Amino acid sequence: WLFTKNWQDRHTRLYRLDKTTAVQEVVSSERFFTNGLITGADFDPDTERLALVGYRLGFLNVAAFIWQLPIVNNTPQWELGQYHSIRPTRQWEAILWHQGDLLLTSEASLLGGASLGRIAL
């Protein structure tokens, strides 16, 4: 699965790729309003939860967030998604489920140095 970072309308699009097919057409299957830019995603097969990390640029501020979504029958349940703000605000770029928690990384930017974070949800 690939998720877009959509600057125009703060939605993300889901693109599904088939690892068993050498040649394939990439078509967006779903669209979800995230109110920001998605920069990373990870799926936990044990709990069947998807986590998306991203940030939102405002006029004078930046806000970081996580969306957590249940997956049922290989389909994200967008209507059951939970939004979580992240502090400190950074340009978080990657996310990974690890022993029930989420690990996050950010690159060095105007918001601060490179960071590693751990969040228990």
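For clarity, every value in this text was computed on a predicted model and none was experimentally measured.

Considering the packing of aromatic side chains
Then, in step 1: As enumerated under the stated definition, the model contains six aromatic pairs in all.
Then, in step 2: With centroids separated by 6.4 Å and ring planes inclined at 80°, the aromatic side chains of Phe 3 and Trp 78 adopt a geometry described as edge-to-face. Pair noted here: Phe 3 is in strand β1 (residues 2-3) and Trp 78 is in the loop between β7 (75-76) and β8 (82-86), with a separation of 75 residues, a long-range link.
Then, in step 3: A relative accessible area of 17% places Phe 3 in the buried class.

Thoughts on the nonpolar core
Then, in step 1: Within the largest apolar cluster, 11 residues are counted, these being Phe 3, Leu 14, Phe 32, Ile 38, Leu 50, Leu 52, Phe 65, Trp 67, Leu 69, Ile 71 and Trp 78.
Then, in step 2: Those elements that provide at least two residues to this core are β5 (49-57) and β6 (62-72).
Then, in step 3: Ranked by residues supplied to this core, first place goes to β6 with four residues.
Then, in step 4: Residue contacts for Ile 71: discarding those within four places in its chain leaves Trp 1, Phe 43, Glu 48, Leu 50 and Pro 76.
Then, in step 5: Listed in part, the 10 residues of the second largest apolar core include Ala 64, Ile 66, Trp 97 and Leu 102.

Some words on unusual backbone geometry
Then, in step 1: Omega for the peptide link from Arg 87 to Pro 88 comes to 0°, which places this bond in the cis form.
Then, in step 2: Tracing the chain through its elements places Pro 88 in the loop between β8 and β9 (92-98).
Then, in step 3: Although it is not a glycine, Asn 35 adopts a positive phi angle of roughly 60°.
Then, in step 4: Of note, Asn 35 is situated in the loop between β3 (28-33) and β4 (37-44).

The rules behind the values
- Residues numbered from 1 in each chain as written.
- Predicted model: local features only at pLDDT ≥ 70, side-chain atom pairs only at ≥ 80, totals over all residues.
- Heavy atoms only, no water.
- Phe/Tyr/Trp six-rings, centres within 6.5 Å; stacked < 30°, edge-to-face > 60°.
- Helix = DSSP H or I, 4+ residues; strand = E, 2+ residues; numbered from the N terminus.
- Buried < 20%, exposed > 50% of the residue type's maximum accessible area, 1.4 Å probe, protein only.
- Core = buried A, V, L, I, M, F, W, Y, C linked by side-chain atoms within 4.5 Å.
- Contact = heavy atoms within 4.5 Å.

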